[in-house]
Amino acid sequence: MTSIAAPVAATDRLLTPDEAARFHEDGFVVKRGLFSPEEVRPLQDELDSHPDIRGSQSSIPDLEGKLWKVTIWCEQNDTYAGKLPRLARMVDNTSLLLGEESYFWHIKLVRKSDDIPGAVDWHQGYAYWYDDCIYPNTVTCSVALDSNNLENGCLKVVKGSHKLGRIDMVDVGGAHVADPVRTAQILDRLEVVPCEMEAGDAVFFHANMLHGSLPNTTSRPRTLMHCVYNARSNEPVDPSKSPHRAYRPTDKLPDDTLARGDYDTVFEKHTFFAPEQLNSVGGTQVF
């Protein structure tokens with residue numbers, strides 16, 4: 001008797017050819033409704049109940065010495081947080097943009113409220129990963145978990161900045177940022193685009209995209225989950241130095257996994273990077 005292989009999970013929420021072309025030309029593309037409001041609601045509820053994200057937040061200084069907060073994880077387990085980055089729509093879209101198999105690297109969740117005064121200064125992803133990987137072949141899919149707008153400090157990107165190559169990162173006080181002198185010259189020439197989104201919308205952007213955001217001065221939280229994927233061929237030169245970045249196949253899941261409630265908990269059983277792992281080395285440059 002001939003066995004029939006289980007169908008491979010695929011998505012019906014693939015970026016269109018025009019959207020993919022915009023990504024390559026502009027360095028980013030916004031995908032409305034990548035997730036439904038119902039799919040992200042369990043995560044919203046968890047964050048409302050535990051705004052400190054169960055003690056996992058690390059504090060990062062900005063250029064003015066004010067702090068913003070980030071939670072980071074790489075674990076792929078059976079929690080909501082472990083399954084979301086493995087959904088077909090995430091894996092297939094990042095593979096499409098990279099032109100080859102993508103694999104999940106990590107997530108950085110940034111939740112802003114009016115009691116967190118810091119700004120996220122201009123930076124590129126690849127600048128942090130340059131010592132590990134030969135190419136800037138990573139894609140970030142940033143998913144809005146609530147309303148993201150100019151008033152509450154939405155993500156801003158510099159259109160076309162991915163074509164500039166890697167920009168040196170410098171230490172200014174306690175902040176680790178893209179060279180402010182060079183960045184000022186870039187901002188004089190290129191357009192800054194605010195990525196205003198509603199819950200479930202997402203923006204895909206290139207590893208060399210300059211991006212940042214201002215503080216949230218409203219009474220409403222602003223939450224963005226940055227899911228980062230690397231190209232299979234771009235594995236770190238020495239994976240032993242960054243084991244959390246080493247290639248591991250992403251176990252792709254059907255798109256309806258979260259809608260069916262097929263997960264253990266949202267965050268309760270999940271493992272995060274401990275705050276001291278980031279705070280002790282001066283910020284997120286190790287990730």
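In this numbering scheme, every chain counts its residues from 1 along its sequence in written order. Per-residue local features of the predicted model are confined to residues with pLDDT of at least 70, and side-chain atom pairs are confined, for both listing and counting, to 80 or more; whole-chain, interface and lining totals are unaffected and use all residues. Derived side-chain values reflect all non-hydrogen atoms in the structure, with water molecules and hydrogen atoms excluded from consideration.

Right, let's talk about the environment of V192 for a bit. What counts as a helix is a DSSP run of H or I of at least four residues, what counts as a strand is a run of E of at least two, and both are numbered from the N terminus. Counting through the fold element by element, V192 comes out in strand 10 (residues 192-194). Using a 1.4 Å probe on the protein chains alone, a residue whose accessible area is under 20% of its type maximum counts as buried, one over 50% counts as exposed, and one in between counts as partly exposed. Note on V192: relative accessible area 33%, which makes it partly exposed. Each C-alpha atom, one on V192 and one on Y263, is 38 Å from the other, the two residues being 71 residues apart in sequence.

Our next topic: the side chain of S102. Inspection of the secondary structure puts S102 in strand 4 (residues 102-112). For this analysis, a polar contact is any N or O atom pair within 3.5 Å, provided that within protein one partner can donate a hydrogen and the other can accept it, and provided that sequence-adjacent residues contribute only side-chain to side-chain pairs. A polar contact is formed between the side chain of S102 and the side chain of T94, at a distance of 2.9 Å. Setting aside residues no more than four positions away along its own chain, S102 makes contact with V91, T94, S95, Y229, N230 and T250. When checking whether two residues touch, look at their non-hydrogen atoms; a contact exists if any pair is within 4.5 Å.

The next point concerns the sheet that holds strand 11 (residues 202-206). Taken together, the 7 strands give an open sheet; going across it, the order is 1-11-6-13-4-3-2, and neighbouring strands pair in antiparallel fashion. A single partner strand is all that each edge strand has here, and the edge strands are strand 1 (28-31) and strand 2 (58-61). In this sheet, adjacent strand axes meet at a mean angle of 25 degrees when their direction is disregarded. A strand pair is defined by DSSP finding two or more bridges across the two strands. Whenever a helix is involved, its axis is fitted only over the stretch in contact; in every case the axis is a line through C-alpha atoms, and angles between N-to-C directions fall within 0 to 180 degrees.

So, about helix 4 (residues 88-98). In terms of residue burial, helix 4 counts as a mostly covered element, since 10 of its 11 residues are buried. Those residues of helix 4 that sit buried are A88, R89, M90, V91, D92, N93, T94, S95, L97 and L98. Buried residues along helix 4 sit in contact with helix 1 (17-26), helix 2 (37-49), strand 4, strand 6 (138-144), strand 11 and strand 13 (222-231).

Soluble globular proteins tend to pack their nonpolar side chains together in the buried interior. By nonpolar core we mean a set of buried residues, namely Ala, Val, Leu, Ile, Met, Phe, Trp, Tyr and Cys, connected to one another through side-chain atoms within 4.5 Å. In this structure, F35, M90, F204, M225 and F267 are the most contacted members of the largest nonpolar core, which totals 36 residues. Contributions of two or more residues to this core are made by helix 1, helix 2, helix 3 (80-83), helix 4, strand 4, strand 6, strand 11 and strand 13. Here this core takes 4 residues from strand 13, the largest share from any one element.

Attention now goes to the sheet that holds strand 10. What holds strands together in a sheet is hydrogen bonding between their backbones, with the strands either parallel or antiparallel. Here we have 4 strands laid out as an open sheet, ordered 5-12-7-10, and antiparallel in their pairing. Either end of the sheet is taken by a strand with one partner, and the two such strands are strand 5 (120-123) and strand 10. Between one strand axis and the next, the sheet turns by 25 degrees as a mean value, whatever way the strands run.

Moving on, we come to helix 2. The end-to-end C-alpha separation of helix 2 is 18 Å, in line with the 18 Å expected for 13 residues at 1.5 Å each. At L43, helix 2 is deflected by roughly 25 degrees, the largest bend along its length. Within helix 2, burial applies to E39, V40, L43, Q44, E46 and L47. Tucked into the core, helix 2 has its buried residues touching helix 3, helix 4, strand 4 and strand 13. By this rule the span expected of a helix is its residue count minus one, scaled by 1.5 Å. The quantity called bend is, for any residue, the angle between two axes fitted respectively to the seven residues ending at it and the seven beginning at it.

Right, let's talk about the confidence of the model for the protein for a bit. The pLDDT value expresses, per residue, how confident the predictor is, ranging between 0 and 100. In this model, the protein carries a mean pLDDT of 92, and residues with pLDDT of at least 70 account for 93%. Of the regions scoring below 50 in pLDDT, residues 1-6 engages in 0 contacts with residues more than four places distant in sequence or in other chains.

Below, the discussion takes up the packing of aromatic side chains. What characterises a pair of aromatic rings is the spacing of the ring centres plus the angle enclosed by the ring planes. Only centres within 6.5 Å qualify two rings of Phe, Tyr or Trp (six-membered ring in Trp) as a pair; their planes then separate them into stacked at under 30 degrees, edge-to-face at over 60, and tilted for everything else. Per the stated rule, a full pass over the model turns up 8 aromatic pairs. Their ring planes at 75 degrees and their centres at 5.6 Å tell us that W73 and F267 sit as a pair that is edge-to-face. Of this pair, W73 sits in strand 3 (residues 67-73) while F267 sits in the loop between strand 13 and helix 7 (275-279), and the two are 194 residues apart along the sequence. By relative accessible area, W73 is classed as buried at 1%. Residues Y126 and Y130 carry aromatic rings whose centres are separated by 5.7 Å and whose planes lie at 80 degrees to one another, so their mutual orientation is edge-to-face. Its relative accessible area of 5% is what places Y126 among the buried residues. Charge over a ring is defined by NZ of Lys or CZ of Arg lying within 6 Å of the ring centre and within 35 degrees of the ring normal. Sitting over the face of the ring of Y247, R232 holds its NZ or CZ atom 3.7 Å from the ring centroid. Positioned over the ring face of W105 is R245, at 5.3 Å from the centre of the ring.

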